[in-house]
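# Residue-level structural notes
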Amino acid sequence: MPIALYRIDDRLIHGQVVVGWGQPLELRFIVLVDDEVAASEWEQELYRMGVPPEMTVHFFSVEDAVVALPELQADARPGLVLAGDIDTMMRLVEQSGHTIAAVNLGGIHHSPGRTPRLRYVFLTAAEESGLRAIERLGVEVTAQDVPNARPVPLDELLTSTLDS
Amino acid sequence: MTDEAERSVEAPVRAVIAAHGTFAAGIVSAVDQITGRGTMFRAISNSGLCLDDIQETLARTLDETGARVIFTDLPAGSCTMAVRRLLRGRPDVALITGINLTLLLDFAMQDDADPVAAAHTALERGRASMVAHGA
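Residues numbered from 1 in each chain as written. Chains lettered and ligands numbered in written order. Predicted model: local features only at pLDDT ≥ 70, side-chain atom pairs only at ≥ 80, totals over all residues. Heavy atoms only, no water.

### Here's the deal with the overall build of chain A
Per the secondary structure count, chain A includes seven helices and nine strands. With the C-alpha coordinates of chain A rotated into their principal frame, the extents come out at 40 × 30 × 30 Å. Each of the 164 residues in chain A was classed as buried or not, and the buried ones make up 54%. For chain A, long-range pairs separated by at least 24 residues make up 70% of all intrachain contacts whose partners lie at least 6 apart in sequence. Accessible surface for chain A amounts to roughly 7,500 Å². Of this, 53% is attributable to carbon and sulfur atoms. Counting 12 positive and 25 negative side-chain charges, chain A places the centres of these two groups 5 Å from one another. (Helix = DSSP H or I, 4+ residues; strand = E, 2+ residues; numbered from the N terminus. Buried < 20%, exposed > 50% of the residue type's maximum accessible area, 1.4 Å probe, protein only. Contact = heavy atoms within 4.5 Å. Areas by Shrake-Rupley, 256 points an atom, 1.4 Å probe, with all protein chains shown as cover. Lys, Arg positive; Asp, Glu negative; His and termini not counted. Charge placed at Lys NZ, Arg CZ, Asp CG, Glu CD.)

### Re the side chain of Gln110 of chain B
All names here are of chain B. Relative to the elements of secondary structure, Gln110 occurs in the loop between α5 (101-109) and α6 (115-128). Using a relative accessible area of 17% as the deciding quantity, one classes Gln110 as buried. At a separation of 2.8 Å, a polar atom in the side chain of Gln110 contacts the side chain of Asp106. If sequence neighbours within four positions are ignored, Gln110 has contacts with Arg14, Ala118, Thr121 and Ala122. (Polar contact = N/O pair within 3.5 Å; in protein donor to acceptor, adjacent residues only side chain to side chain.)

### A closer look at the interface of chain A and chain B
On the side of chain B, 18 residues touch chain A, which itself brings 16 residues to the contact. Contact between chain A and chain B buries roughly 1,400 Å² in total, counting both sides, with carbon and sulfur atoms accounting for 57%. Counting the surface chain A buries against chain B, the share from its top three residues, Arg11, Trp42 and Leu46 of chain A, is 43%. The interface formed by chain A and chain B contains one salt bridge. Taking the shortest distance from any N to any O, the salt bridge between Arg85 of chain B and Glu43 of chain A comes out at 2.5 Å. Our enumeration of links across chain A and chain B arrives at six residue pairs in polar contact (both at pLDDT 80 or more). Elements represented by at least two residues in the side of chain A that touches chain B include exactly α1 (15-21) and α3 (41-48) of chain A. It is α3 of chain A that provides the largest number of residues to the side of chain A that touches chain B, a total of five residues. Considered class by class, the residues forming the side of chain A that touches chain B number seven nonpolar, five polar and four charged. (Buried area = accessible area lost by both parts, 1.4 Å probe. Salt bridge = Lys/Arg side-chain N within 4 Å of Asp/Glu carboxyl O. Nonpolar A, V, L, I, M, F, W, Y, C, P; charged D, E, K, R; others polar.)

### Some details on the nonpolar core
In this structure, Met89, Leu92, Val103, Leu131, Ile134 and Leu157 of chain A are the most contacted members of the largest nonpolar core, which totals 38 residues. Ranked by the residues each element gives to this core, the list is headed by helix α4 (residues 62-73) of chain A, at six residues. Every residue in contact with Leu131 of chain A, bar those within four places of it in the chain, is listed here: Ile8, Ile86, Leu105, Leu123, Val141, Leu154 and Leu157 of chain A. Grouped together as the second largest cluster of nonpolar side chains are 36 residues, Val17 and Leu46 of chain A together with Leu51 and Leu58 of chain B included. (Core = buried A, V, L, I, M, F, W, Y, C linked by side-chain atoms within 4.5 Å.)

### A few points about the state of the cysteines
All names here are of chain B. Under the definition given, this model contains zero disulfides over all chains. The thiol of Cys50 is not disulfide-bonded; the next cysteine sulfur, from Cys79, is found 12 Å away. Classification of Cys50 by relative accessible area gives buried; the value is 13%. Its relative accessible area of 1% is what places Cys79 among the buried residues. (Disulfide = S-S within 2.5 Å.)

### Considerations on the packing of α3 of chain A against helix α4 (residues 78-87) of chain B
Contact pair α3 of chain A / α4 of chain B: the axes reach a minimum separation of 10 Å and the direction vectors enclose 145°. Two packed elements cross with a definite hand, and for α3 of chain A against α4 of chain B that hand is right-handed. The segment α3 of chain A lies against α4 of chain B, with Trp42, Glu43, Glu45, Leu46 and Tyr47 of chain A engaging Met81, Arg84 and Arg85 of chain B. Among the residues making up the contact of α3 of chain A with α4 of chain B, the classes are represented as four nonpolar, no polar and four charged. (Axes fitted to C-alpha atoms, helices over the stretch in contact; angles between N-to-C directions. Left-handed = near helix turned anticlockwise from the far one by under 90°.)

As structure tokens, this is what we get:
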């Protein structure tokens, strides 16, 4: 089974990922791609303790994830690849040789300089350009926080405001 | 006006509850309805907040209230992750995750005990309170 979901979520491993997606997809592993977390044993232990025993977490820098991805994509068990920001996912898509067909934008929360797009998506101009760049690589980009929500296409996402 | 707002005597905040959606405010409301002691809790929601903002809100709340106990709803949740980061610099603070109403009621009734000790006692009561009946 190929990787079930490639997700951008600034909370990384949390309730929506482990329970919201993890249970319906019957996830058995999470590939957490983050250069900082990959360099910190303490951070890895924190995230490892957040998942149920039937789930394994692999921690990689972007560079190492590119090397490991073919084997993980060939794994028979359902898995989820998780990045904490758009730039990390863009680098992964760029370097993984057109093996990623779709990216899920699951949560980028408020911070100064970001424009509200959805209740769970706030983006800077540079982040919007990053999402467009991922799309230009032939990847379908949609925003969707939980499985039973409607996937919001990128064009709609980038023209929507929280008030509309 | 909420029940809590109607109480004339403000109790010191003994614990912070951080959770998804309106869980924290809801469970505080239930504690208050049953015991009248809802004001000893400060409720925080993670809605719309990134990890850094959750952590900052929690740190500010601990500083403002002097609370040494934090309750969260879900072991893998973002509130729990934020609290665990916070605990690195605050060894006197206790985190109890996976809470239920029985646990909070027990904690609320132990208002003369040290809050950290009360939280650990309440944890055992809360854990034991889940029982199946019928089929």
